Amino acid sequence: MGANYANLFEVIAGSVSASDDETRISELCSELEVYLEPAQVEEIYQAYLVGAEAHEGQSRLSGEPYISHPVAVARILADMRMDSKSIIAAILHDVIEDTPTAKEHIAEQFGEEVAELVDGVSKLTQIDFRSKAEAQAENFRKMMLAMVKDIRVIIIKLADRLHNMRTLEVMHPDKRRRIAHETMDIYAPIANRLGIFKMRHELLDLSIKAAYPMRYRALESACKEVVGYRKEIFNTIEAAIKQRLKETS
């Protein structure tokens, strides 16, 4: 374990209080240690320090420090067991667009590969979907896939969108619906095409919840009733089988 984030773990585990951001990066590093080398985890922690400094003073609409978002995106990728360069790029994915940090600065600190990933995500973010007709969604999907040289750029962007969808409730209802439709039309089909079915399912689920909240609640209630009914049937069948086994033993 690298000395820098080892000290952070001691702070969190001990009596000294830790901030929410320190807890988040500690949890991320713990998860990454399962499948990455210690030196790689240390480099990811260094990327966090760079990102936290770059986003200093910036907040999300929820009021949380902005760095909480890239760390959450990195955790989504960690769940997918993505490589260390992808995790670093996820933590830094907004620094070129939202801070004075230049691509060259990222390349100097973390290498050209990471810089290219971050730059690729930034270019995808700059595509303005709002000015286009929904009928052109397929063209946008093709454009996004054609723009990138490295498929990891798309995966990072999908993780970015997934976390934004998970925290969409702070948005104005009109903006929530627009983003939800954009997600259904653009991002969920790309996740499906790449075979990331778990992500596709959650993107669609969150999109329907945001775009059609009343219908979603009705469907959710109906599904719970069906699940409860099935459980009752299975319990009845299980009890009957157990009784029959007792009788025949």
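Predicted model, so just to flag it, every value in this text is computed and none were measured.

## Quick word on the overall build of the chain
Item 1. The helix and strand inventory of the chain stands at 13 helices and zero strands.
Item 2. Counting over 249 residues, the chain shows a buried share of 40%.
Item 3. Approximately 14,000 Å² of the chain is accessible, and the part contributed by carbon and sulfur atoms is 52%.

## Section: helix α2 (residues 20–32)
Item 1. For α2, which comprises 13 residues, the first-to-last C-alpha distance of 18 Å matches the rise-based estimate of 18 Å (1.5 Å per residue) to within 8%.
Item 2. If you check which residues of α2 are buried, you get Asp21, Ile25, Ser26, Leu28, Cys29, Glu31 and Leu32.

## Description of the environment of Glu43
Item 1. Among the structural elements, Glu43 can be located in helix α3 (residues 38–54).
Item 2. For Glu43, a relative accessible area of 22% gives the class partly exposed.
Item 3. When the C-alpha positions of Glu43 and Phe110 are compared, they lie 8.1 Å apart, and in sequence the two are 67 residues distant.
Item 4. Among all residues touching Glu43, those that are not within four sequence positions of it are Lys85, Ile88 and Phe110.

## Digging into the confidence of the model for the chain
Item 1. In the predicted model, the chain carries a mean pLDDT of 86, and 86% of its residues have values of at least 70.
Item 2. Within the chain, helix α5 (residues 84–91) carries the highest mean pLDDT (98), whereas helix α1 (residues 3–13) carries the lowest (58).

## Overview of the nonpolar core
Item 1. Judged by nonpolar contacts, the single largest core of 64 residues is most densely connected at Ile87, Ile91 and Leu92.
Item 2. Apart from the residues lying within four places of it in its own chain, the contact partners of Ile87 are Leu32, Tyr35, Ile44, Ala74, Leu77, Ala78 and Met82.

## Things to note about the packing of α2 against α3
What describes two packed helices is the angle between their axes and the distance between those same axes.
Item 1. Running from N to C, α2 and α3 cross one another at 160°; their axes reach a closest spacing of 10 Å. Taken together, α2 and α3 sit at an angle that is classed as roughly antiparallel. Handedness of the crossing formed by α2 with α3: right-handed. For the pair α2 and α3, the contacting residues are Asp21, Glu22, Ile25, Cys29 and Leu32 in the first and Val41, Ile44, Tyr45 and Tyr48 in the second.
Item 2. Residue composition of the contact of α2 with α3, grouped by class: seven nonpolar, no polar and two charged.

## Observations concerning the environment of Met147
Item 1. Mapped onto the fold, Met147 is located in helix α9 (residues 137–147).
Item 2. A sequence separation of 24 residues divides Met147 from Lys123, and the C-alpha atoms of the two residues are 8.6 Å apart.
Item 3. In contact with Met147, not counting residues within four places along its chain, are Lys123, Leu124 and Ile127.

## Some words on unusual backbone geometry
Item 1. With phi around 60°, Arg81 is a residue other than glycine that occupies positive phi space.
Item 2. Here Arg81 lies in the loop between α4 (68–79) and α5.

## Overview of the pattern of salt bridges
Item 1. On inspection of all chains with the given rule, the structure shows 16 salt bridges.
Item 2. Between Asp119 and Lys103 there is a salt bridge, with the nearest N and O atoms lying 3.6 Å from each other. Remark: Lys103 occurs in helix α7 (residues 103–110) and Asp119 occurs in helix α8 (residues 112–125); sequence separation between them is 16 residues.
Item 3. Bridged by salt links that share partners, the residues Glu27, Glu31, Arg75 and Arg81 form one connected network.

## Let's talk about the side chain of Ser68
Item 1. Mapped onto the elements, Ser68 comes out in helix α4.
Item 2. Residue Ser68 is classed as buried on the basis of its relative accessible area of 4%.
Item 3. Apart from the residues within four sequence positions on either side, Ser68 is in contact with Asp21, Arg24 and Arg60.

## Some words on the environment of Val114
Item 1. As for its placement among the helices and strands, Val114 is situated in helix α8.
Item 2. Separated by 28 residues in sequence, Val114 and Ser86 have C-alpha atoms that sit 7.3 Å apart.
Item 3. Excluding residues that lie within four positions of it along the chain, Val114 makes contacts with Lys85, Ile88, Ala89 and Ile106.

## A few points about the packing of α3 against α5
Item 1. In the contact formed by α3 and α5, the axes pass within 9 Å of each other and the chain directions differ by 10°. Classified by the angle their axes make, α3 and α5 are roughly parallel. Between α3, through Gln40, Glu43, Ile44, Ala47 and Tyr48, and α5, the contact on the second element is made entirely by Ser84, Lys85, Ile87, Ile88 and Ile91.
Item 2. Taken together, the residues of the contact of α3 with α5 sort by class into six nonpolar, two polar and two charged.

Procedures and definitions
Residues numbered from 1 in each chain as written. Predicted model: local features only at pLDDT ≥ 70, side-chain atom pairs only at ≥ 80, totals over all residues. Heavy atoms only, no water. Helix = DSSP H or I, 4+ residues; strand = E, 2+ residues; numbered from the N terminus. Buried < 20%, exposed > 50% of the residue type's maximum accessible area, 1.4 Å probe, protein only. Areas by Shrake-Rupley, 256 points an atom, 1.4 Å probe, with all protein chains shown as cover. Expected span 1.5 Å × (residues − 1). Contact = heavy atoms within 4.5 Å. pLDDT = per-residue confidence, 0-100. Core = buried A, V, L, I, M, F, W, Y, C linked by side-chain atoms within 4.5 Å. Axes fitted to C-alpha atoms, helices over the stretch in contact; angles between N-to-C directions. Parallel < 35°, antiparallel > 145°, perpendicular 65-115°, else oblique. Left-handed = near helix turned anticlockwise from the far one by under 90°. Nonpolar A, V, L, I, M, F, W, Y, C, P; charged D, E, K, R; others polar. Salt bridge = Lys/Arg side-chain N within 4 Å of Asp/Glu carboxyl O.

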